[in-house]
Amino acid sequence: MTATTLPCAGLTVVEIARGTSDLGLGMAGGVPGMMFADLGATVLRVVDPEPAPIDRDVAWGRAWHRDKQVIPTADPQRMRQLLMAADVALVYGNEGLIEQQGLGCEEIARAHPRLIYARCRPSRTGRGAPSDYGLLVEAHAGFCSQLQGHRPGPIFVDVRASGAGTSFLLMTSVLALLRRRALTGSGGWTESSLYDGMLATLGTMIGRSERAPPHVESYWAKGSTFPNFMYRCAEGELIQVWFGGKGMYEKLIQELGDEPSTAGYYAEQVSGLLNERAVRWRKLFEQQPRSVWMERLRAVGIACEPVLAPGDALSDPHLTAAGIALARNEDVVVGSGISIAPAGEAVERRTVGGGLLAGVRVLDFSAFVAGPLSAQVLADLGADVVKVEPPEGEAMRAAAYAIAACQRGKRSLAIDITAAAARPVVERLIGWADVVMHNFRVGVSARLGIDEHSVARINPGAVYCHSSAFGPSGPRATLPGNDALMQALTGFERALGGVGNDPLAATWIPIDMAGGWVGAIGVLAGLFARAQQGRGQVVNTSLLGAGMLLQSGVYQRAGEAVRQPELNHGQTGYGPGYRLYECKDGRWLAVVIPDPACWKRIGGLPECRGLPEAYVPLRRGRADEIALEAEDVLQAALRAAPAEVWLQKLSALGACVEISDVLDRDQFRRRILDDPFNRQLGRVLTYPVRAWGRFEQLGVLLRNGPDATPDARAMLPDVGEHSRAVLEELGFGEAEIAGLLASKVVRQL
């Protein structure tokens, strides 16, 4: 694709980052601009003349800001001039440095009504306002205790949750607003925060029902009991195995010589038999090296991947072939993982009102989590989404938490699309849609007649999105993939485990969630391009690309991964100035020491005598030994008094501090769902579900304006609940519908 046909070619994006740090904002502060640059925009990054001291040994920015023009200035007038010439503003910093300097949305929009203004605000909940550092926001929420680490107590959950989610929310809203501007000429605004971003990654984790079956409610109240199928092989290397695809479970059991399953995969998961097998298989995998196991398992169609460290996968030729690994001068960096190309001519419906995507019709053939979540995001923005699933329901209907997290607001058409009698329905659906999306393995859509060429023949103006596991091309393109495999391959599990520890797997399918958001971003970029160019678009995203994006601060130089900072062996954090500390009463504090002056004041405390004079907030940098010494001094001091005492004392000296409470899963969800500020802001959504009664979950986290409030349908569709209505809307007569129902090609609830 040429630079001039990239969807954001010709756009100017201005990032303003005042009083912030790459370490604190994480992906939120750098990845949206990086993605816009990858999509063809010119990106100008405005920063303070002096970088944040805590960022001195943070390498992430080299990857995130690689294609941006960096402008150091503290002059509000200069920033205003840049904003007046921009199409998009991405604005970070506290109100004193933004709104009180005349750089807020209202003032800028009056002078530049076509501007799309995206504001990353400081986080707020009913319990207070943590400072803009991902660690503090996550400690404030109780997130640090939601994964069992290698020691008791809360851990630094190094999954990039708050920064990643915020970057997804900002990109989603800005692209939707850009599409509306292309159709109407009017600008708009969106706002988010690191707290909103954290929530955006936790959709499968947070829910509460009135009367859901015990095994459903237990997932939300107690967490997942699903085992992680990661095994140590004969030479000590680790392999991640997945067998959720059709027939894989039986093949794995046979290959391992285990007892056959009479109940099947999902039934054994619920009964606990799957956990027993998982333990039993450990000794089996210890008998042969990883290379042998990978060859054996792949030969019989069982998915598996090596467990790598962050950045290692950038050496894999497949990532270059798939457009995920990009060469930038002497570095190899992670790209956005989204490709978009123009297709046939399109007719754009100019419906406005009722959400940014009002009038947009989405045909969702996807299954599991990532693909369906992409479509749900579009529904949250006001699109009419028809979910196509088999008459018995899609595979994830057995996992209610996943259905709740990614099927809200859709209409369900239950139809066997492999049946000859279904073909006229499929073709009318394609002709009806503005967006056609699926996440089948490469090659499957062609057999089903819903590949990009079949769709283009029927509806050349559609935006066609394929969200695959490994991307549409390259050596791995046809392989199956899921969240667990991508956690292994991208380095996610090793990053979370900490240096020198066994890897840990996150249990709330974070890469599936990221894949869903990236898919939605790809579709919205396609819809914006269609509005600009008058042509349909072909969009490709992948689970691998989304997983690599979560580790995009890591890059390779001379074949070696640059990982700075890294989580330590104790899983407390990145160094003395950015970590968790245990106090005398057994409670934990998340502490950020943002600058040398604060460091010096803390060193002046009698309890902290011996703190090195040099400000070294992070480990593994230029003064690693000093950082380790400082950690020992500070940890000994904090163990001498209760957490509340240190909270007050350190805060008074300019440190940023939050208590990291130890919450079980039920307490964690209550802290979110019962927070009055969260409910007022729409972070919590309550509605009736037929089988569960009153149901509460995370609400629509996309806040946009003016007059762009999402018009999401607050409902979860049952299998085939809307089949008849959809068929009637497509123009099928009563006799035709009755025939489809009688032949069981279509199911109506």
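Residues numbered from 1 in each chain as written. Predicted model: local features only at pLDDT ≥ 70, side-chain atom pairs only at ≥ 80, totals over all residues. Heavy atoms only, no water.

## What about the overall build of the chain?
Thought 1: Counting its secondary structure elements, the chain contains 30 helices and 29 strands.
Thought 2: Over its C-alpha atoms the chain spans a radius of gyration of 25 Å, differing by no more than 12% from the 27 Å that the globule rule assigns to 749 residues.
Thought 3: With respect to the principal axes defined by its C-alpha atoms, the chain has extents near 85 × 70 × 50 Å.
Thought 4: In the chain, buried positions account for 63% of the 749 residues.
Thought 5: Intrachain contacts of the chain at a sequence separation of at least 6 include 77% that bridge at least 24 residues.
Thought 6: In the structure as shown, the chain presents an accessible area of about 26,700 Å², 51% of it carried by carbon and sulfur atoms.
Thought 7: Side chains of the chain give 76 positive and 81 negative charges; the mean places of these two sets differ by 2 Å. (Helix = DSSP H or I, 4+ residues; strand = E, 2+ residues; numbered from the N terminus. Rg over C-alpha atoms; globule rule 2.2 N^0.38 Å. Buried < 20%, exposed > 50% of the residue type's maximum accessible area, 1.4 Å probe, protein only. Contact = heavy atoms within 4.5 Å. Areas by Shrake-Rupley, 256 points an atom, 1.4 Å probe, with all protein chains shown as cover. Lys, Arg positive; Asp, Glu negative; His and termini not counted. Charge placed at Lys NZ, Arg CZ, Asp CG, Glu CD.)

## Details of the pattern of salt bridges
Thought 1: Within the structure shown, the criterion is met by 59 salt bridges.
Thought 2: Linking R62 and E330 is a salt bridge whose minimum nitrogen-to-oxygen distance equals 3.4 Å. Remark: E330 occurs in the loop between β11 (325-328) and β12 (331-334) and R62 occurs in helix α3 (residues 60-64); sequence separation between them is 268 residues.
Thought 3: Residue E330 is classed as exposed on the basis of its relative accessible area of 51%.
Thought 4: For R557, the salt bridge goes to E330, with nearest N and O atoms at 3.7 Å. Within this pair, whereas R557 is found in strand β20 (residues 555-557), its partner E330 is found in the loop between β11 and β12, the two being separated by 227 residues in sequence.
Thought 5: Classification of R557 as partly exposed rests on a relative accessible area of 29%. (Salt bridge = Lys/Arg side-chain N within 4 Å of Asp/Glu carboxyl O.)

## Structural notes on the pairing of strand β25 (residues 656-660)
Thought 1: Counting buried positions over the five residues of β25 gives five, a clear majority of the element.
Thought 2: Covered by surrounding structure in β25 are C656, E658 and S660 together with V657 and I659, the residues of both alternating faces.
Thought 3: One ladder, built from five bridges, connects strand β24 (residues 588-592) with β25; its direction is antiparallel. Considered in β25, the bridge of V591 is made with V657. (Pairing = 2+ DSSP bridges.)

## Overview of helix α15 (residues 370-380)
Thought 1: The element α15 is extensively covered by neighbouring structure, given that 11 of its 11 residues are classed as buried.
Thought 2: For α15, the full list of buried residues reads A370, G371, P372, L373, S374, A375, Q376, V377, L378, A379 and D380.
Thought 3: Backbone geometry just after α15 places G382 at a positive phi near 105 degrees.

## Side note on the sheet that holds strand β10 (residues 303-306)
Thought 1: If you walk across this open sheet you meet the three strands as β8-β9-β10, and the pairing is antiparallel. Each edge of the open sheet carries a strand with a single partner, namely β8 (230-232) and β10. Between one strand axis and the next, the sheet turns by 30 degrees as a mean value, whatever way the strands run.
Thought 2: Bridge count for strand β9 (residues 238-242) against β10 is four bridges, and the pairing is antiparallel. Bridge pairing in β10 links V241 to C304. (Axes fitted to C-alpha atoms, helices over the stretch in contact; angles between N-to-C directions.)

## Brief notes about unusual backbone geometry
Thought 1: The linkage connecting Q564 with the following residue, P565, adopts the cis geometry, with an omega of 10 degrees.
Thought 2: Position of P565 among the secondary structure elements: in the loop between β21 (560-562) and β22 (573-575).
Thought 3: Each neighbour pair has its own omega, and for G705 with P706 the value is -10 degrees, a cis peptide bond.
Thought 4: Structurally, P706 can be placed in the loop between β28 (703-705) and α29 (723-729).
Thought 5: Of note, F368 is a non-glycine position whose phi angle comes to about 70 degrees, a positive value.
Thought 6: Relative to the helices and strands, F368 is located in the loop between β14 (361-364) and α15.

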